[in-house]
Amino acid sequence: MKILFIANFFPRHAETFILEQVNSLIESGNDVQVLVLVSGEEDAFGERSLRNGVPERMIDGTVFGRPLSRRIGPTIRGGVRALGRHPNILNIMRHGRRSLRGQLASVLDQVGPLGRFDVIYTVFGPAGITAEALRDSGLCEGPIVSNFLGYDVTREVRLNGSGQYQRLFRKAALLLPNSEHLRRRMLDIGAPAD
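K.L.:
Lay out the overall build of the protein chain with the relevant residues and their values.
P.N.:
A tally of regular secondary structure across the protein chain gives nine helices and eight strands. Taken against the 2.2 N^0.38 rule, which gives 16 Å for 194 residues, the C-alpha radius of gyration of the protein chain at 16 Å falls within 12% of a compact globule. Scored against the burial criterion, the 194 residues of the protein chain give a buried share of 48%. Counting contacts in the protein chain only where the partners sit at least 6 residues apart, residues at least 24 apart contribute 73% of the total. When the accessible area of the protein chain is evaluated, it comes to approximately 9300 Å², of which 51% is carbon and sulfur surface. Separation of charge centres in the protein chain, based on 25 positive and 20 negative side chains, amounts to 8 Å.

K.L.:
Lay out the packing of aromatic side chains with the relevant residues and their values.
P.N.:
According to the stated counting rule, one finds six aromatic pairs in the structure shown. Relative to F45, the ring of F10 lies with its centre 6.2 Å away and its plane at 75°, an arrangement referred to as edge-to-face. Placement of the pair is F10 in strand 1 (residues 2-10) and F45 in the loop between strand 2 (31-39) and helix 2 (47-51), with a sequence separation of 35 residues. On the basis of relative accessibility, which here comes to 2%, the residue F10 falls in the buried class. Judged by its relative accessible area of 14%, F45 is buried. Seen in terms of ring centroids, F17 and F124 are 6.4 Å apart; in terms of plane orientation they differ by 75°. Their pairing is edge-to-face. Of the two residues, F17 is situated in helix 1 (residues 16-27) and F124 in the loop between strand 5 (119-123) and helix 6 (125-136); the sequence distance between them amounts to 107 residues.

K.L.:
How would you explain helix 1 if you had to name every residue and give the values?
P.N.:
For helix 1, spanning twelve residues, the distance from its first C-alpha to its last is 16 Å, which sits close to the expected 16 Å at 1.5 Å a residue. For helix 1, every residue scored as buried is listed here: I18, L19, V22, N23 and I26. For helix 1, the buried positions fall inside an angular range of 130° around the axis, keeping them on one side. Buried residues along helix 1 sit against strand 1, strand 2, helix 2 and strand 5. Downstream of helix 1 by one or two residues, G29 has phi in the positive range, about 95°.

K.L.:
Can you explain the pairing of strand 2? Please cite residues and give values.
P.N.:
Judged from the eight bridges that link them, strand 1 and strand 2 form a sheet pairing that is parallel. In the sheet register, I3 faces strand 2, and the bridge partner there is V32.

K.L.:
Can you explain unusual backbone geometry? Please cite residues and give values.
P.N.:
P11 follows F10 through a cis peptide bond whose omega is -15°. Here P11 lies in the loop between strand 1 and helix 1.

K.L.:
Any details on the pairing of strand 7 (residues 144-148)? Residues and values, ideally.
P.N.:
Burial of strand 7 is extensive: five of the five residues sit out of reach of the surface. Of the two faces of strand 7, the one holding I144, S146 and F148 and the one holding V145 and N147 are both buried throughout. Bridge count for strand 5 against strand 7 is four bridges, and the pairing is parallel. Paired with V123 across the strands is N147, a residue of strand 7. Sheet analysis places strand 7 next to strand 8 (residues 174-177), joined by four bridges and oriented parallel. Among the inter-strand pairings, S146 is bridged to a residue of strand 8, identified as L175.

What counts and how
Residues numbered from 1 in each chain as written. Predicted model: local features only at pLDDT ≥ 70, side-chain atom pairs only at ≥ 80, totals over all residues. Heavy atoms only, no water. Helix = DSSP H or I, 4+ residues; strand = E, 2+ residues; numbered from the N terminus. Rg over C-alpha atoms; globule rule 2.2 N^0.38 Å. Buried < 20%, exposed > 50% of the residue type's maximum accessible area, 1.4 Å probe, protein only. Contact = heavy atoms within 4.5 Å. Areas by Shrake-Rupley, 256 points an atom, 1.4 Å probe, with all protein chains shown as cover. Lys, Arg positive; Asp, Glu negative; His and termini not counted. Charge placed at Lys NZ, Arg CZ, Asp CG, Glu CD. Phe/Tyr/Trp six-rings, centres within 6.5 Å; stacked < 30°, edge-to-face > 60°. Expected span 1.5 Å × (residues − 1). Arc of directions from axis to C-beta. Pairing = 2+ DSSP bridges.

What follows is the structure, given as C-alpha cells:
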C-alpha cells in the first residue's frame, strides 16, 4: 500500500506515537512517505527509524511553516506555477489562510505534485485541512484519513472556529477521534456520525 503521512511537526520527542505508526507501516511492507510541513527535532529518530530509512522517506515541505518573509520567493514561484495547472491553490475562499498566506503555493514550488496514494493519513485536524487543500489543488490524490487527538477539537476550535473543519468533514474518507469524548465534540461541530 502506498501511504502519504502528512505531519505538521516531524519527528518530535513528544509525539513518538507518530514515529511508531510510520515504523510499523514500513515494517508491514507498506511504501510510506512523510510530508513534513514544519521542521521537527532530528535527534528524535531512534535506531528503529534509522534502520527503516524514515529520514529518507521524508518530503521536505517545511517552507509551509516558515513566516511569509522567509518564503516570498517560493510563494511567488509557486503562485505563478499554480496559475496553469493548480489554480485552486490560490483560491482563498476554498482554502482560507493556507492560500492567503501563500503556504500552498510555496509547497507547490518546493515539492511539486506528490502523486497518487492509496491513503493520505494525517495526524491532527490541521494537517487534515492541509491534506484536503493539497488534494483539492491537484498536488496529491487519494482518500484522506484524518486522526483527531485533542487540541485539534478543543483549543484549535476555540481559536479558529469549527468552520475550519467543514470541508475536511465532508471530503475525508475516514475521521478517527482517539476517544468517545472527542467523537462527541466532533459531532457537535459538524462531523458526520459515520
